[in-house]
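# Chain and residue survey
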Amino acid sequence: MIKALQIGFFCFVLLLGNYNALLAGENDNKDGKMLALSGRVISPEGETIPFANILVVGTVKGTYTNLDGSFQIFDLEDGEYTIKVSAIGYKSFTRTIQILNGNVRELDLVFEETGVEMPQITVIASRDRVFSRVHGSVTYIDAKEIQTINPLSGNEVLRRSPGVHVVDEEGLGMRVNIGIRGLDPDRSRSVLVMEDGVPVALAPYGEPEMYYTPAMDRMAGVEILKGSGQVLFGPQTIGGVINYITANPPQEEEGSIYIQGGQGGFFSGIVNYGNTFGNTGIQANLLRKRADNVGPTEFDITDFNTKFLFNLNERSELGMKLGIYNEVSNSTYIGINQVMFDRGGAEDFTRLAPDDRLDVSRYSLSFSHKYRFNKNVRLRTIAYGYTTTRDWNRQDFAINDNNTPPSNWTGVVWGDVEVPGGAIFMRDGTGNRKRSFEVAGVEPRLEVDYKFFNLNNELILGTRYLYERAFEQRVNGTKAGVQSGDLVEDEVRTGHALAAYFQNKVNVTSKVDLNVGLRLESFDYERDIRRRNFAGVGIRDTVLVAGNVINEVIPGFGFNYRPAQNLNVFGGVHKGFAPPRTKDAITALGDVLDLEAERSVNYELGFRTEPSRWLFVEATGFVMNFSNQIIPVSESAGGLGFGLVNGGATLNRGVETALVMDLSNLFGMSKTSLTYDINATYVKATFSEDRFKGDVNINGNRTPYAPEWFINSAITLQTQSGFGLRLVGNFVASQFGDELNTVEATADGRIGLIPSYKVFDAVLNYDVSKWNSRFNLSIKNLTDERYIATRRPQGIRVGIPRFITAGYEFRF
């Protein structure tokens, strides 16, 4: 903890010590440029608008307004230009201007009308680049950045945030594994994942696994919140909140068609259309995505989503969103073993169980409503429901130290029978895991702006009710690849959750904000076991019903200090909480275990600044002190699906940093945009009390899948002629696959050190404005690096090799 805070404090002092010099350097730099445009942006009521975007259409020139609404743009040649002005909550507009003889144009740009926004809940209220009013570590990745990345997998986008470690499973991000600040990434259990403010996990409280992941192809942005503001959301407030944001209905007609193709029969096509008809807006998209062979994976996805926005009257708007998702893939748990990996690359993507099949279907419907009682009091309400069906047929297999074939062996063996434990025997049987989930919830949230002792306050009061139910069956087939068989397990798990929360932010001065929040959680859950296999008895119908109630108080505090216009110091402390999985908390015999919730105390202190127009810096020191971190024992984490779950005390501490340099601004490039960015995270996640695995005390050992370093960096070139290039590098340090920190790999490949690796990507694009078209070429894993991405769920997954795609977009 001390080391992490020392690094953060050193960066902070260094920045403050050079802050005036940086500003002076910026002024000197401006002296070498020609000021072409300046002015300010104001609302229809005359209020200044900070962080409004000012774009010179058809050029690489642009800026955003300062806190006082002012802006400046340099180095425009004589001629006629179109200026586009946009800001959240206002209707965008354009203005034509003329530059003659290098004369400076002074502009007062006034928004003519307020835009009608979708009344959804977001985790970041103000998406300004330096987040001057956000009291914690946050990242906002916008649509332009997503387009520039041109991701094959949404994991590529999430890695653009410091502190976020994403583990590839099949290389396509269909089942995202996110670990924030050293937390175990298995199925993103420690992260609250939402789409437009609505949770997306199978069952947010009782089974928060990400077997369905929103497709990044259709996203307009991603919000990532890691600070004390998490207390507004739930149930998880351990690692962070990730909110996928879809496009809202536009105020004027617009649409696009984007198709992309690549190796292995890869195809992706998405159609977007949006418009507003009178008081009703619509945004719809249809995504089709498939491949025959991306690594070992074959898949077919259809994803349809539509949003409606009804402008009911001057006080209220109603939003409605519908989603339909269907996926068929050959996803599997089994991976190659260490023997196969050590032979070289020939067997990296062998389909060990070719008949394995995963079907995922999801149907969702949500409503969002905003009502303004007056300019200071607003009520936002969301109501939602969704169902997810996850049917997974997986062929049985056997591994043993003696390499003895099982009685129902198919004759297929992988690996090497001469190496103890180095053979995988495929069995003539199938485990069909049929699961379906239904979730419904409602959340009204009251927002009040008020004065107390002449201090401006912003109060949020809300409550949330959530119902969830899981239906699970295990059907054992007597042949490989069959989808029927004998019903051996049948159960229903039900949960009712009620939460109430508040958060109050007070502007102590124009430079200091304080934030206090509190959430009360109550989760009532039940496990109803109807059929199971009893030891020594066999499969029997039964009536085993047990339940429990968990209550929790979750406080949080944060502050925000702005000593200068473009410097923001923030910090906070909050209680981390995540309820135990219902299946873990109640045994298959109906016994309620003494299983605690996951709890921690989380601290952070950091700063973010933009001391000049070419430099942005952010650094955050963090500590996550767990009294009880739950260590996954599920099959997806390489375990047996049952066993020890109370992991005990752990301590995660580290520093996450980000730096963005606008080199074109620094060097005065007038027709080219050139930026360099890097985010780097150091984290030390260890067990912090005595705990024994066999005869070994693991106190001080690193927790599994927590690399000490992970770094993501990019250089981006964009020319006025429309050509663009992005080069990305991603580095992940070595990780351990188990609590014992075993270095030497086991023959089955599930345990052992995961060596460090680095992967480079390249994206070329060419935008032809007169054709409303964009062409791109993407090369993922440019150097064809061979590396172990994970040893989970049941064997080694090798990272996707060099993969090339080409795409075309038409806008209308």
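See the structure above.
This is a predicted model, so every value here is computed, not measured.

### Side note on the overall build of the chain
Within the chain, the regular secondary structure consists of 7 helices and 43 strands. Taking all 812 residues of the chain together, the buried fraction comes to 55%. Only carbon and sulfur atoms are counted for the fraction: they give 56% of the accessible area of the chain, which is about 32300 Å².

### Side note on the packing of aromatic side chains
Considering all chains together, one arrives at 14 aromatic pairs under this definition. Where Y211 meets W392, the ring centres are 6.0 Å apart and the plane angle is 85°; that geometry is what we call edge-to-face. In this pair, Y211 sits in the loop between β12 (198-199) and β13 (219-225) while W392 sits in strand β21 (residues 377-398), placing the two residues 181 residues apart along the sequence. Taken as a pair, Y211 and W392 share a single burial class, namely buried. For the ring pair Y757 and Y787, a centre distance of 4.2 Å and an interplane angle of 20° mean the geometry is stacked. In this pair, Y757 sits in strand β39 (residues 757-768) while Y787 sits in the loop between β40 (773-780) and β41 (788-790), placing the two residues 30 residues apart along the sequence. Exposure remark for Y757: the relative accessible area of 7% places this residue in the buried category. We classify Y787 as buried; its relative accessible area is 8%.

### Digging into the pattern of salt bridges
Taken as a whole and judged by the stated rule, the model has 52 salt bridges. Close ionic contact of E145 with R726 constitutes a salt bridge, the shortest N to O distance being 2.9 Å. Here the residue E145 occupies a position in helix α3 (residues 143-149), and R726 occupies one in strand β36 (residues 723-732), the gap between them amounting to 581 residues. Exposure class is identical for E145 and R726. Each is buried. Put simply, E156 and K780 hold a salt bridge, and the shortest N to O gap is 2.7 Å. One end of the pair, E156, is in helix α4 (residues 155-158); the other, K780, is in strand β40, with 624 residues separating them in the sequence. Take K780: its relative accessible area is 8%, and that puts it in the buried class. Residues participating in the shared-partner salt-bridge network are E195, D196, R218, D303, K307 and K321.

### Some remarks on the pairing of β40
Within β40, 6 of the 8 residues are buried, which leaves it mostly tucked inside the rest of the structure. Examined bridge by bridge, β39 and β40 share 7 bridges and lie antiparallel to one another. Residue L764 lies in a different strand from β40, and its bridge partner there is L777. As consecutive antiparallel partners, β39 and β40 are separated by 4 residues, and within that stretch N772 has a phi angle of approximately 55°, a positive value. Sheet analysis places β40 next to strand β43 (residues 803-811), joined by 8 bridges and oriented antiparallel.

### A short note on the side chain of S778
Its place among the elements puts S778 in strand β40. When its relative accessible area of 1% is taken as the criterion, S778 is described as buried. For S778, the side chain forms a polar contact with the side chain of N150, separated by 2.6 Å. Ignoring sequence-local partners within four residues, the contact set of S778 consists of N150, Q260, A762, V763, F803, I804 and T805.

### Some points on the sheet that holds strand β1 (residues 35-42)
The 3 strands are arranged β4-β1-β7 in an open sheet whose pairing can be described as mixed. Strands at the two margins of the open sheet, each flanked by one partner only, are β4 (70-74) and β7 (105-110). Between one strand axis and the next, the sheet turns through 25° on average, direction left out of account. Pairing of β1 with β4 involves 5 bridges; the strand directions are antiparallel. When the sheet's bridge partners are listed, S38 is paired in β4 with Q72.

Parameters at a glance
- Note on numbering: residues in each chain are counted from 1, in written sequence order.
- Residues qualify for local features only when their pLDDT is at least 70, as the model is predicted, and side-chain atom pairs are given and counted only at 80 or more; totals for whole chains, interfaces and linings, by contrast, use all residues.
- The basis for every side-chain value is the complete set of heavy atoms in the structure, and neither hydrogens nor water enter the calculation.
- Numbering of helices and strands runs from the N terminus; a helix is a DSSP stretch of H or I covering at least four residues, while a strand is a stretch of E covering at least two.
- Accessibility here uses a 1.4 Å probe with only protein chains present; expressed as a share of the type maximum, an area under 20% marks a residue as buried, one over 50% as exposed, and anything in between as partly exposed.
- We get accessible surface area from the Shrake-Rupley algorithm with a probe of 1.4 Å; when it comes to residues, only the shown protein chains can shield them.
- In this scheme Phe, Tyr and Trp rings, the latter by its six-membered ring, pair at centre separations within 6.5 Å, and the angle between planes marks the pair as stacked below 30 degrees, edge-to-face above 60, and tilted otherwise.
- The salt bridge criterion pairs a side-chain nitrogen of Lys or Arg with a carboxyl oxygen of Asp or Glu, the two atoms within 4 Å.
- We call two strands paired when DSSP finds no fewer than two bridges between them.
- N or O atoms within 3.5 Å of each other form a polar contact, as long as, within protein, one can give a hydrogen and the other can take it, and as long as residues adjacent in sequence are counted only when both atoms are side-chain atoms.
- Whether two residues are in contact is decided by their heavy atoms, any of which lying within 4.5 Å being enough.
- In this description, a line fitted to the C-alpha atoms serves as the axis of each element, helices being fitted only across the stretch in contact, and the angle between N-to-C directions of two axes falls anywhere from 0 to 180 degrees.

All quantities given are derived from atomic positions and should not be read as evidence of function.
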